[in-house]
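Per-entry structural report
The lines below spell out each chain.
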Amino acid sequence: ARSLLDNVLIERVQNADELYDIVHKRLGGIMRERGVRLVVIDSIAGLLRSEFNKRADTVRRARMLQDMGQAMKMYSEAFDAPFVVVNQVTANMAGGSAARYGDDGVDLGRGFEHVPAMGLSWQECVTSSIFLSRREMAGGMHRSARLLFSPLAPRGECAFEITSAGVSAAAPT
């Protein structure tokens, strides 16, 4: 019996340079050899934040983000495989700076909003932006997907649930 995980390839990286090398030197071959249909990266922001925390590193970080974003778009088109990059927002506790990012700040109604974690350099690489959230509510866990930006569809939101059968639209409440 085959397991779902038989079709999952995991590459662990320890730093931003390793991720950059995988994206630029190995990913194309892996996608071609293994017939990859979806690439999930979790998380570019965590790696770059820990390594590029000085203002002097800003230009190198921006260049690295742009290069990886271009490579991801190229591979996505060449292999007809989407890329999902998760965990790419940060809380803006003070409020107000979302204007720098257009109206893509997501107000969670708790006195702060989420804004793109990697700033304008990464935002320019993103084709579509989907904000996934989960919160405990009366009656269980509420999960939603909010489309913030896409050239293919208008903004919108839907509730979903995760069960042993997979992911599906949530039953109306």
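Counting of residues starts from 1 at the beginning of each chain's written sequence and follows it residue by residue. Owing to the predicted nature of the model, reporting of local features is limited to residues with pLDDT of at least 70; listing and counting of side-chain atom pairs is limited to 80 or more, with chain, interface and lining totals taken over all residues. Where side-chain values are given, they derive from all heavy atoms of the structure, hydrogens and water being excluded.

A look at a nonpolar patch on the surface
There is a patch of nonpolar side chains on the surface, built from Leu5, Val8 and Ile10 and spanning about 310 Å² of accessible area. Among the secondary structure elements, Leu5 is positioned in the segment before α1 (16-34). Any residue with relative accessible area above 30% and no salt bridge may belong to a patch, with like charges joined within 9 Å and the nonpolar Val, Leu, Ile, Met, Phe, Trp and Tyr side chains within 5 Å. Note on areas: Shrake-Rupley, 1.4 Å probe, and residue coverage restricted to the protein chains presented here. Any Lys or Arg side-chain nitrogen located within 4 Å of an Asp or Glu carboxyl oxygen qualifies as a salt bridge. Runs of E in the DSSP output that reach at least two residues are strands. Runs of H or I that reach at least four are helices, and both are numbered from the N terminus.

As for the nonpolar core
Met31, Ile44, Leu48 and Phe83 are the most contacted members of the largest nonpolar core, which has 27 residues in total. At the level of secondary structure, the elements contributing two or more residues to this core comprise α1, β1 (39-41), α2 (44-51) and α3 (58-79). A per-element tally of this core places α3 first, with seven residues. For this analysis, a nonpolar core means a set of buried residues of the types Ala, Val, Leu, Ile, Met, Phe, Trp, Tyr and Cys, connected via side-chain atoms within 4.5 Å. With a 1.4 Å probe rolled over the protein chains alone, any residue whose accessible area is under 20% of its type maximum counts as buried; one over 50% counts as exposed, and the rest are partly exposed.

Some words on the pattern of salt bridges
Applying the stated criterion across every chain yields a total of six salt bridges. Across the pair Asp17 and Arg60 runs a salt bridge whose closest N-O atoms are separated by 2.8 Å. Of the two residues, Asp17 is situated in helix α1 and Arg60 in helix α3; the sequence distance between them amounts to 43 residues. Between Asp67 and Arg63 there is a salt bridge, with its nearest N and O atoms 2.9 Å apart. Here Asp67 and its partner Arg63 are both found in helix α3, four residues apart, which amounts to about one turn of the helix. You can call Asp67 buried: its relative accessible area is 15%.

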